[in-house]
Structures are given as C-alpha cells and as structure tokens.
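Tertiary structure, described
Residue strings, one per chain:
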Protein chains: 2
Amino acid sequence: MTKFQTPRGTRDFLPETMIKRQKVLDTLRSIFEKWGFDPVETPAFEDWSLLAAKAGGGDAIRDEIYYFRDKSNRELGLRFDLTVPLARVVANNPNLPKPFKRYHIGRVWRYDRPGTGRYREFWQADVDIIGSAGHRADAEVLAIACDALEKLGLVDFRIRLSSRKLVESFLRNIGVKDISAVFRSIDKLEKIGENNVAKELKDKGLQQAKVEEILGFIKLKNVKDIEAAAKDREAVNEITDIVNILGEYGYSKYALIDMSLVRGLDYYTACVFEISCSGMSIGGGGRYDKLIELFGGKPTPAAGISFGVERVLEIMEAKKLLDEKKTVTKIFIACIGIDMKNAIDLARKLRKAGIECEFDIAGRNIRKQLDYVNAKGIPYVIFLGPKELEKKTIKLRNMKTGKEEEVNTKDADSLISSL
Amino acid sequence: MTKFQTPRGTRDFLPETMIKRQKVLDTLRSIFEKWGFDPVETPAFEDWSLLAAKAGGGDAIRDEIYYFRDKSNRELGLRFDLTVPLARVVANNPNLPKPFKRYHIGRVWRYDRPGTGRYREFWQADVDIIGSAGHRADAEVLAIACDALEKLGLVDFRIRLSSRKLVESFLRNIGVKDISAVFRSIDKLEKIGENNVAKELKDKGLQQAKVEEILGFIKLKNVKDIEAAAKDREAVNEITDIVNILGEYGYSKYALIDMSLVRGLDYYTACVFEISCSGMSIGGGGRYDKLIELFGGKPTPAAGISFGVERVLEIMEAKKLLDEKKTVTKIFIACIGIDMKNAIDLARKLRKAGIECEFDIAGRNIRKQLDYVNAKGIPYVIFLGPKELEKKTIKLRNMKTGKEEEVNTKDADSLISSL
C-alpha cells in the first residue's frame, strides 16, 4: 500500500486495459461517424443549477452529483450524464442545422455506491438526434446501437422498449395522481423486486387493488393487451411504429415491448428503451422532448441512446472478445555493440511504414533487452549488430514462434509489410 | 443569452471545432504509438494531499487547483497536470516493466485567469519515460515532440533547453540561499520582463550586484560561458549530450540552450525544456527524478514532455493547417417518393464501404433536404427516387462543383470508392 490511492470509485487504466478500451471506443466512434453523427465535447463541470434542475433529471439524481464551488464561489457540479449538457448546448446554439445528430464519448461522475461494474467515474458513449419529432429518429438511434453491438461481437443483446406516455395513460385511467412517484418505484423493479415495489407503492398511499393493477400492467408484453389497458391508441402506434421501422433496418429481432421499463431520469417524455446483454444493462435512452426548452431553448424534440462503456467492456471481457496486449509496440530493435544512429534510422523507417517500434534507450545488454521484450509481450524483435550491419541484413524474430528470418536490408520493406 | 452558459474559462466544442481537435489528437496519438508509447488514463480528480504536495509542484500551483469534498468529506481536487497522476500510478505499480513509456491525452483544470489561449479546462498531450536515467530518455521525448510537430505541419518551432542543476550550481556559487524562490522569479521573465524580475529578486533580499550577476547568467547561450560561470562540468555535459543525441535524430536544428528557462513546477530536477512556436509556448517538460519517490514509490528516474493542445490548435488554425468541415458526413442520400427501406439499404452498403452517410429521417421534401445538406456542408448527394430505382442507377452530385454522375447500381462501388 503506497501513500496515495485513486479516490474511491475511480480507477487508473494501465496500458493492458487502455488498449482494450481504446479499441472499443474507436469502434463506437467509427460507427457513430459512419451514421453521420458529429462529435461534440462539453466541460466536465456545469452550473449546479443546470444539473440540479428538477425536471431535468436532477431531482432523481441530485444526491449523486459531485458538488463544489470555485474560488469565486460559483456553484458547480461534475456532469452526471451527457444528455443534460447536450440540451444546454442546443439551447445555447439555436441555429445548429436540424436534425442535429451528435455523438459524445466522455466521462461522467456519480456519487453512487461502488460495486461490480459500478464506478463513481465512468464513461458514456451517446448518440442523439435533436430536432426531429418523428419515430424514425427513435428507430435510428436504436439501429445505431444494434449496428454497434453487432460490430463489437455482442449479438445476444435485447432491447426492451416502453413508452412513458403509455404507462402514464394507464396510471391516469386508474386514477393515480402522482405519476412521477410511481415511475420512480417501477424503475426499481429489477433492483429491489416486485414485493418491494408493491410495498413502496402502498407506502406512497396506493390501495392494494391499484398496486395489483399496476403490477399487472407492467407485466404486459402483448400490444393488444397494452392498448386495452392504457386506452391510448396514439402512444401504442408510436411504439409499434418504432419497432416496425427497426424492422426495415433488420433489427426488430432484438426488440421486445416491456411496460415495466420507465427509466429513472425525469427528462424522458415518450418512448424509452434499455439494452441488456448477459443479464446486465449496457445502455438506454429514449425521447426527451421538453429538456431543451427547460434550459431556455426553443421547443425542440430530441431522442437518444447512451452506452455504459464499462458495462460493454466487462461483457466483452467475459466473452473473451478483446485481444490481450500489454503494449502497442510491434517491433523491438535489439541493438548489440553498434552506433545507436543505426537503430534510430531503422526505427524512422519502420514508423514511416506504419509500424509501432522502439529500441533500447538505457544502454542495456542484450539479455536485459530481451527481458524487457518478454515482460511487455512485444511480438517481434529485429536484431541489429555489427554482423548485420556489415552484411546489410536484418534479422527478425517472431517472439511467439521463435522463428527467425534474415533478409537483405533492401528486402526489409516487404518483410515488414507482411507482418 | 439563454439561461445557462458554460462555467467561466470552459467551452463547448461543436462539430466544426471538434473535427479539427480530433484530427490533431489522432495525429498525436498515432505518433506516440509509433514510438512505442502506451496509453494510460487516470481519474479526473485525485486526493487533495497528492495534488497539493509541496515538492510535487503543488506549492506553486496550489491556488489554481479546483478543490472539493465528496459526500464522505474526502478532500479531493481536479488534476492540474498529467505528470503528478503518472508519478502516483508508477508509485502504486512498482512492477511495471521499465522503462515504462506512456502517453496520456486528457483534460486538466487550473483556476487561472482566462485569456487568449488560456482556459480553466484544457487538454494536455504527454509522453514520459519512466525508469531511465540516461540522457537518451530526455532526447527521445524531445525527438517525439519534433516528429509530432513536423507531422502537424509546424516546422518553425524552437526548443529551449536548460538545466535546473546548472542554474542551481551557479546560484550556489554566488552564495544564493533560497534557490526555489529565485527559480520562481526567473520563471516569470517572459511574463513580467527583466525589470520586474530584478525588482522581485531585490524584494527577496538579494543585493543589486547579485541580481545583476543572475540576470547576466540567464542570458548566456554559449556552453563555454555557462560552464565557466556555473563550474559544473557534469551538468554541462548532460545538456550538451542531450543536444548531441537529438542531432542523431536529425532534430538538433530546433534546439537552443537558454539558461533563462527554469519552469514553474517544483518537481523538475535536471534538464528542462520548453517548445515555442509563433511566439507562443506550446509545450514543455523535463526530468523529474524525485517525484515517484515523493509519492511513496521506489526511487525512479523520469523525464517527459507535455503539449498544450489548445495552443497547438490555435497556431495551426492561424496557419490554416486545418480543414474546415462542419460534419463528418460525406454523402447525403436524398430520397424522393420512395420506400425508405431503399435508403436504409443503400446507407448500409455505403457504410460497409467505409463512407460516412445519412439520409432524411424527418420526412422532409427535397428542397428542405438540400437546405440541410448545404447548411451542414455535406460534400456529396446521392439522389434516390422512383426513376433511379426503376433504372437501377445511382445519381451522385458533387455539391462543390455541381457536377453530376449517374451510374448503374452495380457500378456504384467503384464510383463510391473513387470519392
């Protein structure tokens, strides 16, 4: 135990982990861009009043926000998601061409109890479509999620779809007054189980019969039954429409209508979704048509989806979908009794050919150099000694197979490009 | 003026800016990896006691650190650089193979007065070599900096090199007691000018004659003069050695010995350097051999360099080295009176071929679709209407030249790959 550790709930990422993370983040970024989404970045901290805005989600999450004051006594907080900052950006920049399609991969902070796959500092990868009220926008962000997960090799995921509007219509029909309070209890279903949700609802003043009705409704998966109970044709059409459009993309097989899903943050207004894989929630989102207005912007419809990067990584790790690599270095130039200028020149050549390489800068003997190569797991070594320089050859060893090849310097290019 | 702005000293990056930033960061990352440096990430915040450690740099920068307490009353602070977290990582992970060569591109925070090119939230791009005391390590990080700047198209930069050891030897020779205090005044030379530095030194109790000696010494550029004044052969050899090794890489033309450089942070122990371009400091670094030990690690030599990403971007912007692009999207599929499934299928094909593309998801007419294309500056449009579907053709328009090409669907691949 050394003097200083990372603060509780946060972690360092050493090369072995970072190489995997970057691989996943690069894939996500590439897919988001292929779909025509543009990058945006926002500050790590925002005005406290923005983050804590009641209908902005802040009410449900207020206790989890890292709060501080700067030296001018401004009240600030670390962002807890990437949606609230996006809504502010859109409110502040009313002339962005619409639909504004952006992605954002970045870290967020929540003062939550740390646990398996749960950290106080974690990364989200979001895509959102701003300024389009049509169901094609909801379907498009879901389709991107499907494309991304397939590209990452996660094909056994499930998207649960629900509609806050539908659940709300149903709750109104049966005479529930405080809809938000019931949403918040339903949202805990997976976490605390049906009995505890029932208990919470009763504690909130609902009669046993109503609690049973609610628990019955959220179990419905059949559209006809849902329509009969909610009596909201429009909201039913909305959700079936989204599933149908998802079918045009070839992704409806992943979708499942599930009324028990309402999502925790208060900014959602209509369709909501959650993606799970290997029994873990790895992302979610929905439509939030009031948030930009709430932050002083023009009324602007919006829908988006957010991946929990750590969760995705954890599942990919468990499924062994990620290469184990301790270093990006591909070739180590082992030097023995030669002018270092030769190593520098060869390294320049290799780098120009796109190859990650390094050589010894510590003046160590050949045994120590190879110890380093083995400790880091560098896959190839080029030996460069007086003999090779004289013969104008390059000797390459594959460190995994032990196989060695010696080629003329002028044939080195083709050998190297074959790696 | 809408309700919420970004906190003072911080900014949003909209796509137009982000695309440029990513281009620069991607280039830096690629070069760092080519040199065999591995990625590391650390938490945004650290224990306050780590950041504020006197000899760790915290003393000079303490007032600029964002300080806060979490809900368990832990004292924390946002990181002000990437070197202190790295030293902690190495102290905590004594078994990392050495030399440990890592890069880290990430944001840091300093509560500084905001100004041109100066923000409270900004990005650094660092490379460091841990565990190598030899001058090749200092030269290597400088060589990477040169390679990176050349690749970015910045060829008129200068590296000023100095040695804290040399300046210290000189100061001891003339009987100065509080070396750190003098360092701190010299560090302000560019900011406040020679007269004010002289005044500060006098205020610190130095006699006029000594102040003049100091101001004379820090103007020396000639190695012989420096050696005569500092009487420290070893430290002189150190710095000339580094310049010579840099020559092996072909980069000594950028280097200039300049004793007025001491750098502000107290963790530097030997050679220090600063890179400037277009009259602006864009990076700096040096050797910090005591920092890892200070944080509870084994005594471990270390040297590194740090780029100020905003500064680099600002200069590249001024030199018009960055493409103006409002979107990553390359092709917009304009749909007119057809089943959207056709657009979805074409988009899938284009994406598979590596092309960023999108289509209208809002059900707008063709004029509005083209307005969107123009507003975003999307370079190509494919028109997809009943006619094209019937003829099995694809009509592509170059939005810059207005030139149109119509090819058979089966020839679309070669047309597209030619873009």
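The structure displayed is predicted, hence computed values, not measured ones. (Residues numbered from 1 in each chain as written. Chains lettered and ligands numbered in written order. Predicted model: local features only at pLDDT ≥ 70, side-chain atom pairs only at ≥ 80, totals over all residues. Heavy atoms only, no water.)

Once chain B is rotated about the relating axis by 180 degrees and shifted along it by 0.0 Å, it coincides with chain A to within an RMSD of 0.0 Å. The operation mapping one copy onto its partner corresponds to a two-fold rotation axis. For chain B, the minimum C-alpha distance to the rotation axis belongs to F68(B) and amounts to 2.7 Å. The overlap is high: 100% of the interface residues of chain B also sit at the interface in chain A, so the same surface is used on both sides. (Least-squares fit on C-alpha atoms with pLDDT ≥ 70 in both. Contact = heavy atoms within 4.5 Å.)

Examined at the domain level, chain A breaks down into domain 1 (15-318) and domain 2 (331-417). The gap between the C-alpha centroids of domain 1 of chain A and domain 2 of chain A is 51 Å. (Domains from an automatic or database assignment.)

With that out of the way, let us pick up the packing of helix 6 (residues 164-173) of chain B against helix 10 (residues 208-217) of chain B. Residue and element names in this part refer to chain B. For the pair helix 6 and helix 10, interaxial distance at closest approach is 11 Å and the crossing angle is 155 degrees. In terms of their interaxial angle, helix 6 and helix 10 are classed as roughly antiparallel. Considering the relative orientation of helix 6 and helix 10, their crossing is right-handed. In this structure, helix 6 uses L166, V167, F170 and L171 to contact helix 10, whose residues at the interface are E213, I214 and F217. Looking at the contact of helix 6 with helix 10, its residues break down into six nonpolar, no polar and one charged. (Axes fitted to C-alpha atoms, helices over the stretch in contact; angles between N-to-C directions. Helix = DSSP H or I, 4+ residues; strand = E, 2+ residues; numbered from the N terminus. Parallel < 35°, antiparallel > 145°, perpendicular 65-115°, else oblique. Left-handed = near helix turned anticlockwise from the far one by under 90°. Nonpolar A, V, L, I, M, F, W, Y, C, P; charged D, E, K, R; others polar.)

Let's shift gears to the pairing of strand 9 (residues 271-277) of chain B. Both faces of the sheet carry side chains from a regular strand, because those side chains alternate between them. Residue and element names in this part refer to chain B. Across the seven residues of strand 9, six count as buried, placing the element largely inside the fold. Bridge count for strand 7 (residues 158-163) against strand 9 is six bridges, and the pairing is antiparallel. Its bridge partner lying in strand 9, I159 is registered against I275. In this sheet, strand 10 (residues 280-287) lies alongside strand 9 in antiparallel orientation, the contact comprising six bridges. Counterpart to C277 in the pairing with strand 10 is M280. Taking the residues between adjacent antiparallel strands as the criterion, strand 9 and strand 10 are bridged by two residues, where S278 takes a positive phi near 50 degrees. (Buried < 20%, exposed > 50% of the residue type's maximum accessible area, 1.4 Å probe, protein only. Pairing = 2+ DSSP bridges.)

Below, the discussion takes up the side chain of T300(B). Residues and elements named next belong to chain B. Within the element layout of this structure, T300 appears in the loop between helix 13 (291-294) and strand 11 (302-308). On the basis of relative accessible area, T300 is assigned to the buried category, the value being 10%. A polar atom in the side chain of T300 sits 2.6 Å from the backbone oxygen of K298. Discounting chain neighbours no more than four positions away, the residues touching T300 are K98, I130, G131, D289 and I292. (Polar contact = N/O pair within 3.5 Å; in protein donor to acceptor, adjacent residues only side chain to side chain.)

All names here are of chain A. One pass over the structure, following the stated rule, counts 87 salt bridges over all chains. Where R107 meets E121, a salt bridge forms, and the shortest distance between an N and an O atom there is 3.0 Å. Within this pair, whereas R107 is found in strand 5 (residues 100-109), its partner E121 is found in strand 6 (residues 121-130), the two being separated by 14 residues in sequence. Comparing R107 with E121, the two get one shared label, buried. Residue D112 is joined to R118 by a salt bridge in which the shortest nitrogen-to-oxygen separation is 3.4 Å. (Salt bridge = Lys/Arg side-chain N within 4 Å of Asp/Glu carboxyl O.)

Note on sheets: strands pair through backbone hydrogen bonds, and any given pair is parallel or antiparallel. Residues and elements named next belong to chain B. The three strands are arranged 2-4-3 in an open sheet whose pairing can be described as antiparallel. Since the sheet does not close on itself, it has two edges, and those belong to strand 2 (45-47) and strand 3 (67-69), each with one partner. Taken over all neighbouring pairs, the strand axes of this sheet differ in orientation by 40 degrees on average, direction set aside. The pairing of strand 3 with strand 4 (residues 75-78) spans three bridges and is classified as antiparallel. Looking at the pairing, F68 lines up with L76 of strand 4.

Moving on to the sheet that holds strand 12 (residues 331-335) of chain A. All names here are of chain A. Reading across from one edge, 13-12-14-15-16 is the order of the five strands in this open sheet, with mixed pairing throughout. Across the chains shown, the open sheet's two edge strands, defined by having one partner strand only, are strand 13 (357-359) and strand 16 (404-408). Each adjacent strand pair in this sheet contributes to an overall mean axis angle of 25 degrees, direction not counted. As judged from the five bridges shared by strand 12 and strand 14 (residues 380-384), these two strands associate in the parallel manner. By the bridge assignment, F332 is partnered in strand 14 with V381.

Moving on: the pairing of strand 4 (residues 75-78) of chain A. All names here are of chain A. Where strand 2 (residues 45-47) lies against strand 4, three bridges are found, and the strand directions are antiparallel. Pairing of F45 across the sheet is with L78, part of strand 4. If you look at the hairpin formed by strand 3 (residues 67-69) and strand 4, you'll find five residues sitting between the two strands, and N73 has a positive phi there, around 70 degrees.

Moving on, we get to the environment of R263(B). Residues and elements named next belong to chain B. Take R263: it is sitting in the loop between strand 8 (255-257) and strand 9. Along the primary structure R263 and S163 are separated by 100 residues, whereas in three dimensions their C-alpha atoms are 9.9 Å apart. Only 2.9 Å separates the side chain of R263 from the side chain of E274, close enough to count as a polar contact.

Taken residue by residue, the interface counts 98 residues in chain B and 98 residues in chain A. Its largest share of buried area at the contact with chain A, chain B owes to F4(B), K34(B) and I361(B), together 10% of the area lost on that side. Note that R88(A) and D12(B) form a salt bridge whose closest N and O atoms lie 2.8 Å from each other. At the surface where chain B touches chain A, the tally comes to 44 residue pairs in polar contact (both at pLDDT 80 or more). Among the elements that line the side of chain B that touches chain A, the one with the most residues is helix 1 (residues 15-34) of chain B, at eight residues. (Buried area = accessible area lost by both parts, 1.4 Å probe.)

Okay, helix 5 (residues 135-151) of chain B next. All names here are of chain B. Between the first and last C-alpha of helix 5 there are 24 Å, a value that for 17 residues agrees with the 24 Å anticipated at 1.5 Å per step. Taken across its 17 residues, helix 5 has 14 buried, putting it largely inside the fold. Taken from the residues just after helix 5, G153 is the one with a positive phi, measuring 90 degrees. (Expected span 1.5 Å × (residues − 1).)

Residue and element names in this part refer to chain A. Running from N to C, helix 7 (residues 179-186) and helix 8 (residues 189-203) cross one another at 135 degrees; their axes reach a closest spacing of 8 Å. It follows from the interaxial angle that helix 7 and helix 8 lie oblique. Only L189, V197, E200 and L201 of helix 8 make contact with helix 7, whose side of the interface consists of V182, S185 and I186.

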